[in-house]
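This is what each chain is made of:
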Amino acid sequence: MRPYQVATAAVLIVIAAVAMFDTRSGALPDPTGRAPGGLRGGWYPFWSAALMAGAAGAVLVKTLRSGPSTGSLFSGAGGVRHMLLLVVPMTVAIVSMVWLGFYLVAALYMAFFMKVLGKYPWPWVVGASIIVSVGFFVLFEKGFLVPLPKSIFYSDTIPF
Amino acid sequence: MDALGNLAGGLATSLEPFNLLMLTVGVVLGLVIGILPGLGGTSGVAILLPVTVFIAGSGNDTAAVALLAGIYWGALFGGVVTSILFNIPGEPWSVALLFDGYPMAKRLGRPGLALTLAFVASLFGAIVAATLFTFFAQPLAELALSFGPAELFAVFLMAFATLVGLESENPLKSIVMLAFGLLLAAVGFDSLTGEPRLNFGQIDLLSGIPFIPVTIGLFGIGEVLASAEESGIGFIEKLSAKLGLKDLRESIRLVVKRFWMLLVNTVIGFWIGVLPGTGATPASFLSYGVARQYSKNKENFGRGEPVGILAPQASANAAGVGSLLPMIALGVPGSPTAAVIMAGLFIWGLQPGPLLFTEHKDFVWGLIGSIYIGHIIAFAICVLATPLLASIMRIPYAIITPFIVLISVIGAYAASNQIKDVFIVLVFGIIGYWLRKMRYPLAPLVVALVLGDQSEEELRKALIGSGGSPLVFFSTPMAGILMTVAIALFLLPVLQFAYRRMTRARARDAADEPAE
């Protein structure tokens, strides 16, 4: 765990440092008196970032000074596989929403999950994904008039 | 005694068949809106505003406001369900329920109890708040107006301070996350001067980082990923089969047991709701922090502690009720939803403010009556539906997981109609998963992100008012007291930490053991 802890703290410090650099002009109270209330827009984020860098630095030092790490990063042998099995399709689904819209993706994603991970028979898979997709459509698009992303096929005849 | 007579009249008004019907319709709609992520009580009220014009036009203002207020009461209840069952906030004010509500539902396998606790707390908070509303409307509203930016900043500081101690295991990591949240909140235009900051030339970042998709990602998706890794795919939740009355009895028993703690948090919530521009969300966070700070079993918080559900929920509902008070009494809305309801009052030809109490007595007391009746209706519906709702947790993993992901997408997209918010969900889902793994607490990050902008605004408004002198934070007795309490709360974990270290070092020296 230790190398990951160190890396995480380091990344957080880098984020804070970048933010401090970006807002450095507002770090000190405005001496010219032109800024309203004496503080410029950068003051709050600069000192938030400074606090973040300081605390993350302390976490880093504490981790480095602690003993050698015990325990592995992922629980169980299948841990990573299970996680990836979730992350990859989810990423594909969300990215493809740009072209396929919400409703088509909803049906396909649901079907993928039920078939590949749930091993349900096809009639169930097809039925459930259509019901979920149509259900969302009726509830949001028609019921509450909340438009969700549409596919590139969207037209007068294809309402999704 | 005058108030009691008026209240009786108000209750009678809201129990008239048509008013009761409108109130029930409002509550049911509000429940649905609250449960669906991405649809807020504010937008629900706004959508139905045109409809109320026709109702008010027929000469029945009370029925019109009953419909709108009913949506608000329903949404305060409904947001609970999505938070507890899916770990996705149904409403901003139910974010605090993610911390303990979901763990109780999932890890302890008690979704029925978690829901019932939240509903009982809602009813408790609302009824206590309504009582305060009934008897002290006018003086409280005037006191609220004496709260300036300095006092408000102190209140926000208190909320942050109580949350730093949230993770007793590692206060340093809490501070990192709190500061990270403040930093994320600052991205985009500076709300006071309009200068862009931290956007690195990206136009998309100018509007800031919206907290709804971030929260959905960190909690909803992050948890889905974490549980996939921990328990593997294809498992079915083990749940206690007993649902219903037993949970209700246990909830009431817990409420009675923690009555004073709950009452204090309800009053805090009500007061924060009364303050202009705050509302239920900060109230729920502050109460969560306070409840944890004064709990004997701090380590249970975040793992399904009942008080972690009761306190923020009672507070949120009390704040929801409280936010209507300055609107009615002074014409200053206490929350965004109250502002929309106030727009309704104007459209119907009513002038909110002190005169409303004398000129439209029936209307005001009808509205106050609807607070009691509306919450009782919402509570009855929710408790009856709890076994059904809780059974959602038994849906097999391969069906519920894609469903949660899709709901998360809708919640993020519907709030702004921007696909980029859906990507934010994905990115923060992975960040949340990682931070959880590295044992960084997520609650301080979310709270700081939600309250960051407001706290900065109040700080700078106070300084503008004082011409830049920081002494403004101690310029009035109220500000001085609040500020001192906030600073003391901040120093508390530091002192505890130092004390622990000292005693540990002494013990180590005594035992003469090598350093850990």
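Residues numbered from 1 in each chain as written. Chains lettered and ligands numbered in written order. Predicted model: local features only at pLDDT ≥ 70, side-chain atom pairs only at ≥ 80, totals over all residues.

**Describing the overall build of chain B**
Helix and strand counts for chain B come out as 21 helices and 2 strands. Computed over C-alpha atoms, the radius of gyration of chain B comes to 23 Å, within 12% of the 24 Å expected from 2.2 N^0.38 for 516 residues, which places it in the range of a compact globule. In terms of overall dimensions, chain B has C-alpha extents of about 80 × 60 × 50 Å along its principal axes. Residues classed as buried in chain B amount to 59% of the 516 residues present. Put simply, of all contacts in chain B between residues at least 6 apart along the chain, 78% involve residues at least 24 apart. (Helix = DSSP H or I, 4+ residues; strand = E, 2+ residues; numbered from the N terminus. Rg over C-alpha atoms; globule rule 2.2 N^0.38 Å. Buried ≥ 20, exposed ≤ 12 C-beta atoms within 10 Å, placed from the backbone. Contact = placed C-beta atoms within 7 Å.)

**Thoughts on the overall build of chain A**
The helix and strand inventory of chain A stands at 4 helices and 0 strands. Listed by position from the N terminus, the elements making up chain A come as α-α-α-α. Taking 160 residues into account, the globule formula puts the C-alpha radius of gyration at 15 Å, and chain A, at 25 Å, lies well above it. Classification of the 160 residues of chain A by burial places 36% in the buried group. Restricting to contacts in chain A with at least 6 residues of sequence separation, those with at least 24 account for 54%.

**Some words on unusual backbone geometry**
Although it is not a glycine, A:Lys119 sits at a positive phi angle of roughly 55°. Along the polypeptide, A:Lys119 turns up in the loop between helix H3 (79–117) and helix H4 (122–143). With 10 C-beta atoms counted inside 10 Å, the residue A:Lys119 sits in the exposed group. With phi around 60°, B:Asn417 is a residue other than glycine that occupies positive phi space. Mapping B:Asn417 onto the fold places it in the loop between helix H18 (397–416) and helix H19 (419–437).

**Points about the interface of chain A and chain B**
Each partner contributes residues to the interface: chain A has 54 residues there, and chain B has 50 residues. Residue assignment for the side of chain A that touches chain B shows that the elements contributing at least two residues are helix H1 (2–22), helix H2 (43–65), H3 and H4 of chain A. No other element matches the 18 residues that H3(A) contributes to the side of chain A that touches chain B.

**Side note on helix H12 (residues 280–293) of chain B**
In a regular helix each residue adds 1.5 Å, so 14 residues correspond to 20 Å; H12(B) covers 20 Å between its end C-alpha atoms and thus fits that length. Counted residue by residue, H12(B) has 13 buried out of 14 residues, so it is predominantly covered. (Expected span 1.5 Å × (residues − 1).)

**A short note on the packing of helix H5 (residues 96–106) of chain B against helix H13 (residues 306–322) of chain B**
Packed helix pairs are specified by the crossing angle of their axes together with the interaxial distance, meaning the distance between the axes. Residues and elements named next belong to chain B. It is at 8 Å that the axes of H5 and H13 come closest, and there the two elements cross at 145°. Between H5 and H13 lies a crossing of left-handed hand. The segment H5 lies against H13, with Ala96, Leu97, Phe99, Asp100, Gly101 and Met104 engaging Gly308, Ile309, Pro312 and Gln313. Residue classes in the contact of H5 with H13 are distributed as 6 nonpolar, 3 polar and 1 charged. (Axes fitted to C-alpha atoms, helices over the stretch in contact; angles between N-to-C directions. Left-handed = near helix turned anticlockwise from the far one by under 90°. Nonpolar A, V, L, I, M, F, W, Y, C, P; charged D, E, K, R; others polar.)

**Observations regarding the environment of B:Gly331**
Residue and element names in this part refer to chain B. The residue Gly331 is located in the loop between helix H14 (324–330) and helix H15 (336–347) in this model. Given 17 C-beta atoms within a 10 Å radius, Gly331 is considered partly exposed. Linking Gly331 and Pro354, residues 23 residues apart in sequence, is a C-alpha distance of 7.9 Å. Those residues in contact with Gly331, other than ones at most four positions away along the chain, are Pro352 and Gly353.

**Here's the deal with the nonpolar core**
Among the nonpolar cores identified, the biggest contains 230 residues, and A:Met52, B:Ala154 and B:Val176 are the most heavily contacted of them. With 20 residues, the single largest contributor to this core is helix H6 (residues 111–145) of chain B. (Core = buried A, V, L, I, M, F, W, Y, C linked by C-beta atoms within 7 Å.)

**A short note on the packing of H18(B) against H19(B)**
Residues and elements named next belong to chain B. It is at 8 Å that the axes of H18 and H19 come closest, and there the two elements cross at 140°. Judged on the interaxial angle alone, H19 and H18 are oblique. For H18 against H19, the interelement crossing comes out right-handed. Residues Ser408, Val409, Ala412, Tyr413, Ala415 and Ser416 of H18 form the contact with H19, whose participating residues are Ile419, Asp421, Val422, Ile424 and Val425. (Parallel < 35°, antiparallel > 145°, perpendicular 65-115°, else oblique.)

**Re the environment of B:Glu91**
Its place among the elements puts B:Glu91 in the loop between helix H4 (61–86) and H5. The spacing of B:Glu91 and B:Val332 is 241 residues in sequence and 23 Å in space, taken between C-alpha atoms.

**So, H15(B)**
Working note: α-helix, 3.6 residues per turn, so residues spaced by three or four point in the same direction. End to end, H15(B) covers 17 Å across 12 residues, agreeing with the expected 16 Å (1.5 Å per residue, within 8%). Once H15(B) ends, the next one or two residues include B:Gly349, with phi positive near 90°.

**Observations regarding the confidence of the model for chain B**
Per-chain confidence: chain B averages 82 in pLDDT, with 93% of residues scoring 70 or above. Across the interfaces of the predicted complex, the ipTM metric reaches 0.91, alongside a pTM of 0.80. (pLDDT = per-residue confidence, 0-100.)

**Comments concerning the environment of A:Val138**
Tracing the chain through its elements places A:Val138 in helix H4. Put simply, A:Val138 and A:Ser66 are 72 residues apart on the chain and 56 Å apart in space, counted from C-alpha to C-alpha.

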